[in-house]
Amino acid sequence: MSLLTKSGGFLGPIATVLGYVMSGIFALLVAINIPNIGLAIILFTIVIYMIMLPLTYRQQKFSRMTPLMNPELNAIREKYKGKQDQASMQRMNEETQMVYAKYGVNPAGSCVQLAIQMLILFPLYRVIMNIPAYVSQVKDVFTGLADQLLKTAGAQEYLTDIAKSIQAMTISKEFTQNTIIDTLYKFRPATWAGLAEKFPDLSDLITTTQQNIGKMNNFLGLDIANTPMNIIKEHASVWLVIAAVLVPVLAALSQWISVRLSMAGTQQPEGTDQMASTMKTMNNVMPLMSAFFCLTLPVGMGIYWIMSAVVRTVQQYFINKRLDKQDMTELLKKNMEKNKKKMEKKGGVTGAQISQNASINAKNIENQNQAQVRSSNRLERAKQLSKEAANVSDDAAQKSRNNLRPGSLAEKANMVSQYNETHRKK
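Just so you know, these numbers come straight off a predicted model, no measurement behind them.

**Some thoughts on the overall build of the protein**
At step 1: When its secondary structure is counted, the protein shows 18 helices and two strands.
At step 2: Counting over 426 residues, the protein shows a buried share of 36%.
At step 3: In the protein, 74% of the contacts between residues at least 6 apart in sequence involve partners at least 24 apart.
At step 4: Working note: accessible area of the protein is about 25,000 Å², and carbon and sulfur atoms make up 60% of it.

**A few points about the packing of aromatic side chains**
At step 1: Scanning the entire structure with this criterion turns up six aromatic pairs.
At step 2: Ring centres of F293 and W305 lie 5.7 Å apart, and the angle between their planes is 45 degrees; this geometry places the pair in the tilted category. Remark: W305 occurs in helix α15 (residues 299-325) and F293 occurs in helix α14 (residues 274-296); sequence separation between them is twelve residues.
At step 3: Under the relative-accessibility criterion, W305 is labelled buried at 11%.
At step 4: Pairwise contacts between aromatic rings join F292, F293 and W305 into one cluster.

**Points about a nonpolar patch on the surface**
At step 1: Taken together, the side chains of V238, W239, I242, V245, L246, V249, L250, L253, W256 and I257 make up a nonpolar region of the molecular surface, amounting to roughly 960 Å² of accessible area.
At step 2: Checked against the element boundaries, L250 lands in helix α13 (residues 238-263).
At step 3: Residue classification places L250 among the partly exposed positions, given a relative accessible area of 39%.

**Side note on helix α3 (residues 53-79)**
At step 1: Along its 27 residues, α3 runs 39 Å from first to last C-alpha, staying within 8% of the 39 Å computed at 1.5 Å per residue.
At step 2: Taken as a whole, α3 carries its principal kink of about 45 degrees at M69; the proline P71 stands between one and four residues after it.

**Regarding the packing of helix α7 (residues 136-151) against helix α11 (residues 203-217)**
At step 1: Two elements in contact, α7 and α11, have axes separated by 10 Å at closest approach and are oriented at 165 degrees. With respect to α11, the element α7 is oriented roughly antiparallel. The two elements α7 and α11 meet at a crossing, and its hand is left-handed. Residues Q137, V138, V141, F142, G144, L145 and Q148 of α7 form the contact with α11, whose own contacting residues are L205, I206, T209, N212, I213 and M216.
At step 2: The residue inventory of the contact of α7 with α11, partitioned by class, reads eight nonpolar, five polar and no charged.

**Topic: the nonpolar core**
At step 1: Core analysis: the largest hydrophobic core is formed by 66 residues, its most contacted members being V138 and L195.
At step 2: Sorting elements by how many residues they give to this core places α15 first, with eight residues.
At step 3: Beyond its immediate chain neighbours, meaning those up to four positions away, V138 contacts F26, I37, I131, P132, Y185, I213 and M216.

**Remarks on the environment of L261**
At step 1: Mapping L261 onto the fold places it in helix α13.
At step 2: Owing to a relative accessible area of 23%, L261 belongs among the partly exposed residues under this scheme.
At step 3: Along the primary structure L261 and Y317 are separated by 56 residues, whereas in three dimensions their C-alpha atoms are 7.1 Å apart.
At step 4: Once residues lying within four places of it in the same chain are set aside, the contact partners of L261 are T313, Q316, Y317 and N320.

**Points about unusual backbone geometry**
At step 1: Phi at N33 is positive, roughly 65 degrees, even though this residue is not glycine.
At step 2: With respect to the secondary-structure elements, N33 resides in the loop between α1 (12-31) and α2 (37-51).
At step 3: Residue N33 is classed as exposed on the basis of its relative accessible area, which comes to 67%.
At step 4: Phi at L220 takes a positive value of approximately 55 degrees, unusual for a residue other than glycine.
At step 5: Summarising the element assignment, L220 is placed in the loop between β1 (218-219) and β2 (222-223).
At step 6: Of the residues examined, L220 reaches a relative accessible area of 73% and is grouped as exposed.

**Observations concerning the packing of helix α10 (residues 189-198) against α11**
At step 1: At their nearest, the axes of α10 and α11 sit 9 Å apart, and the two run at 165 degrees to each other. When the axis of α10 is compared with that of α11, the two are roughly antiparallel. Note on packing geometry: the crossing formed by α10 with α11 is right-handed. Here P189, W192, L195 and A196 of α10 lie close against α11, whose contacting residues are S203, I206, T209, Q210 and I213.

**Let's talk about the pattern of salt bridges**
At step 1: Applying the stated criterion across every chain, the model contains two salt bridges.
At step 2: E95 serves as the salt-bridge partner of K79, at 3.4 Å between the closest nitrogen and oxygen. On the criterion of sequence distance, the pair formed by K79 in helix α3 and E95 in helix α4 (residues 86-103) is long-range, its members being 16 residues apart.
At step 3: By relative accessible area, which is 36% here, K79 ends up partly exposed.
At step 4: Take E95: its relative accessible area is 10%, and that puts it in the buried class.
At step 5: Residue D182 pairs with K186 through a salt bridge whose shortest N-O separation is 2.8 Å. The two residues D182 and K186 agree in class, both being buried.

Cut-offs used in this document
- Residues numbered from 1 in each chain as written.
- Predicted model: local features only at pLDDT ≥ 70, side-chain atom pairs only at ≥ 80, totals over all residues.
- Heavy atoms only, no water.
- Helix = DSSP H or I, 4+ residues; strand = E, 2+ residues; numbered from the N terminus.
- Buried < 20%, exposed > 50% of the residue type's maximum accessible area, 1.4 Å probe, protein only.
- Contact = heavy atoms within 4.5 Å.
- Areas by Shrake-Rupley, 256 points an atom, 1.4 Å probe, with all protein chains shown as cover.
- Phe/Tyr/Trp six-rings, centres within 6.5 Å; stacked < 30°, edge-to-face > 60°.
- Patch = residues over 30% accessible without salt bridge, like charges linked within 9 Å, V, L, I, M, F, W, Y side chains within 5 Å.
- Salt bridge = Lys/Arg side-chain N within 4 Å of Asp/Glu carboxyl O.
- Expected span 1.5 Å × (residues − 1).
- Bend = angle between axes of the 7 residues up to and from the residue.
- Axes fitted to C-alpha atoms, helices over the stretch in contact; angles between N-to-C directions.
- Parallel < 35°, antiparallel > 145°, perpendicular 65-115°, else oblique.
- Left-handed = near helix turned anticlockwise from the far one by under 90°.
- Nonpolar A, V, L, I, M, F, W, Y, C, P; charged D, E, K, R; others polar.
- Core = buried A, V, L, I, M, F, W, Y, C linked by side-chain atoms within 4.5 Å.

Purely geometric numbers; function is a separate question.
Take a look at the structure:
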């Protein structure tokens, strides 16, 4: 189901802002006499990804730091492997946080950046899928015909049936100018012909509207409001079919190149991390998913999908070149300095205190290990002394027995004592 009316909910304001950007771009194209929605989507994609470039760059810097941190993080995990008590888990968490503080990175930073990107991308899809809702110049093309259809008997029933067949179901809930335009924007050539045949009195207005929106929606011969799947099914010309097939193919190829380039310099050795293996599988599956989506979604979404991958690839190329030139040791120092200033600003500990705490923590761990060794040594020494004392006692007793005079009362008493001791042991 698609809505012409602007997206609501907490994403609504973001979609509205993005709609202003799209409307401004299209107004610029109209001013230079190129009112093409496909070209507007391309420029719109470039602008949005340029806005998100700082987030992308920060995310890539974090990815470059990850391989440097992993040996230390893995050593900590191995150190506390199998220890589930609260004290051990707390010490493990403290030592892990010290590693992050040492490298001056925030483990949640990458997730936050991805979340921000998602908050932008989801509303962005709504804008591209519902161009007339956000671009007034496109909506104006339909308003005259929509107003006439509102007054025409039988239009609601007819458009409701058409809406169901082209997945614009909102018109069945509310028959308004917006829902009519929502349906008309998804019309295909055969649908326009059927509408003109059904309402001959409006045929001239219908033809004019179709021609005007056709010029805006035409991109390299493809109607961006139609899907590649429909274009293939409609048995269009060979060139249109080839162009329709190229949309999902280029989407998959550009996605694959973008993913490969983003993994350059940050990919970890295979088998070292189960999550890395899972991510690798997802990266291989994503291009196939892109092909499927762009085959079934309108061509306009395919244009966005391809262009976004191209822009990401170009950005990634220059980001990689910049990061490759940077000394990772120097980058590490800068990150630590930024983290220290951030903590001082928030009233936290200083960078010197972080190092001091790390040293104290390491010293405490060492002292605990030494204490355990000393305790074990004392226990072994106590056992040895006890054994030696027992041996001395036995030797003394033996010597005492050897000194007894044969046939004396003391010798007889000793024989009785030995007899009782032997039977007690049995």
